[in-house]
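# Close look at the chain arrangement
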Amino acid sequence: MKIFSSLSFRTRLLALILVFAMVPILVIVVVLYDTQTKASLEKNQFYQSSNNIMFSDLFDGYFYRTVVSDLVVLSGRREKLRLISQAVMDATNMSEESDVLGRSSILRNIIFESANYSGLMPFIFDKQNPIASSFVRTDHRHLLKCTNIFGQKLEELLQVGKFHSPGTFHVLVDRVNGDVFLLNITEIDDRHLLVIGELQNDLKTSFSDVKKQIIDALNNVMNADGRKLSANKSLLTYIVDSDGIQVAPKLQVNSEPLILDEAMRSKAKNSFNTNGSASFERRLNGIDYQMLVSYYNQMNLYIVSATPVNDILNAQRNETN
């Protein structure tokens, strides 16, 4: 303060002008830095989103290649269900009953008989009121919760799908116990569908191992160090299972696995329902990462793209400095 008071009036005036001039400049720099930082993080999400889409497509390729041989085996059995469905429909059409209730009664009698001697799982699905659907056995109703190879529940498929005669062929997987079912779905009228299913015990192991086969294949090709987006910027990819634990790439010695808690998994699933992904910042192996998480519903897995925050911001910091 003594030094300042010892200066000439002109010097003090110039010093004050310089100080007051620097304040708005510093404010502008801070605002620009904050704006550019957000822009850099958003731009990086574009690369992460593209990476997640690429791995989702890779999943699809592995998935269909793995199950296609099993689908070929099922094609012969499909004809059996198609013929049974056609016989049921023909018998109903030959009936003199013209009203819907009469035809429905005849249908129920026929499918009950076919189930008794063949071990099949036939039922009549009511699109407008699924609870009123007619099942030979109550425990067959659990088929509505099973999913096709695209991860779509049967109940949803029956309500929104398009079907025809002599029937549409579908494969169902019970995600709880791994059971595989072959279905033939035929439209009865605008409201009702005839569904005839059969358990495929010999394919249970084949379909239940699909996820493991794909994860093993990914572990053979995925690099734990990720890939370089530029000289100073890397992008890592992780595959996380339904419990939130990293399953690919293989862990390196003394490396911390990526774990997604229930809240993060829930957010990713909700984002999937709106065709999006969930963004997070996580610390892993002592490094802060920006992460983008996509849900892959066919196998109940999560694809995670991760970029070190320092890699994203270093260029921006250099410019600001």
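So, a few notes on the structure that sits alongside this text. (Residues numbered from 1 in each chain as written. Predicted model: local features only at pLDDT ≥ 70, side-chain atom pairs only at ≥ 80, totals over all residues. Heavy atoms only, no water.)

What follows covers the side chain of Thr-307. Within the element layout of this structure, Thr-307 appears in strand β12 (residues 301–308). Reaching out from Thr-307, the side chain makes a polar contact with the side chain of Asn-44 at a distance of 3.1 Å. Setting aside residues no more than four positions away along its own chain, Thr-307 makes contact with Asn-44, Gln-48, Lys-233, Ser-234, Leu-235, Asp-288, Tyr-289, Gln-290 and Ile-312. (Helix = DSSP H or I, 4+ residues; strand = E, 2+ residues; numbered from the N terminus. Polar contact = N/O pair within 3.5 Å; in protein donor to acceptor, adjacent residues only side chain to side chain. Contact = heavy atoms within 4.5 Å.)

On to the packing of aromatic side chains. Under the counting rule described, the total for this entry stands at 5 aromatic pairs. Aromatic pair Phe-123 and Phe-135: ring centres 4.3 Å apart, planes at 15 degrees, arrangement stacked. Of the two residues, Phe-123 is situated in strand β1 (residues 121–126) and Phe-135 in strand β2 (residues 134–135); the sequence distance between them amounts to 12 residues. We note that Phe-123, like Phe-135, is buried. Among the aromatic residues, those joined into a ring-pair cluster are Phe-272, Tyr-295 and Tyr-302. In this structure, Lys-267 packs its charged tip against the face of Phe-280, placed 5.1 Å from the ring centre. (Phe/Tyr/Trp six-rings, centres within 6.5 Å; stacked < 30°, edge-to-face > 60°. Buried < 20%, exposed > 50% of the residue type's maximum accessible area, 1.4 Å probe, protein only. Lys NZ or Arg CZ within 6 Å of the ring centre and 35° of its normal.)

Here the residue pair Ala-248 and Pro-249 is connected by a cis peptide bond, since its omega of -5 degrees sits within 30 degrees of zero. Checked against the element boundaries, Pro-249 lands in the loop between β9 (246–248) and α7 (262–273). The residue Asn-285 is not glycine, and still its phi comes out positive at about 55 degrees. Examined against the element boundaries, Asn-285 turns out to sit in the loop between β10 (278–284) and β11 (287–296). Under the relative-accessibility criterion, Asn-285 is labelled partly exposed at 36%.

In this structure, strand β7 (residues 227–230) lies alongside strand β8 (residues 233–240), joined through 3 bridges in antiparallel fashion. Following the sheet pairing, Lys-228 is matched in β8 by Ser-234. Hairpin connection, β7 to β8: the antiparallel pair is bridged by 2 residues. (Pairing = 2+ DSSP bridges.)

To continue, consider helix α6 (residues 210–221). The end-to-end C-alpha distance of α6 is 17 Å, a good match for the 16 Å that 12 residues give at a rise of 1.5 Å each. Among the residues of α6, those classed as buried are Val-210, Ile-214, Ile-215, Ala-217, Leu-218 and Asn-219. (Expected span 1.5 Å × (residues − 1).)

Time to look at the environment of Gln-252. Secondary-structure assignment places Gln-252 in the loop between β9 and α7. Residue class for Gln-252 comes out partly exposed when judged on its relative accessible area of 43%. The spatial distance from the C-alpha of Gln-252 to the C-alpha of Ala-224 is 7.6 Å, given a sequence separation of 28 residues. The residues contacting Gln-252, other than those within four sequence positions of it, are Ala-224 and Asp-225.

A separate point is the environment of Ser-134. By the element assignment, Ser-134 lies in strand β2. Counting along the chain gives 11 residues from Ser-134 to Phe-123, while the straight-line C-alpha distance between them is 5.6 Å.

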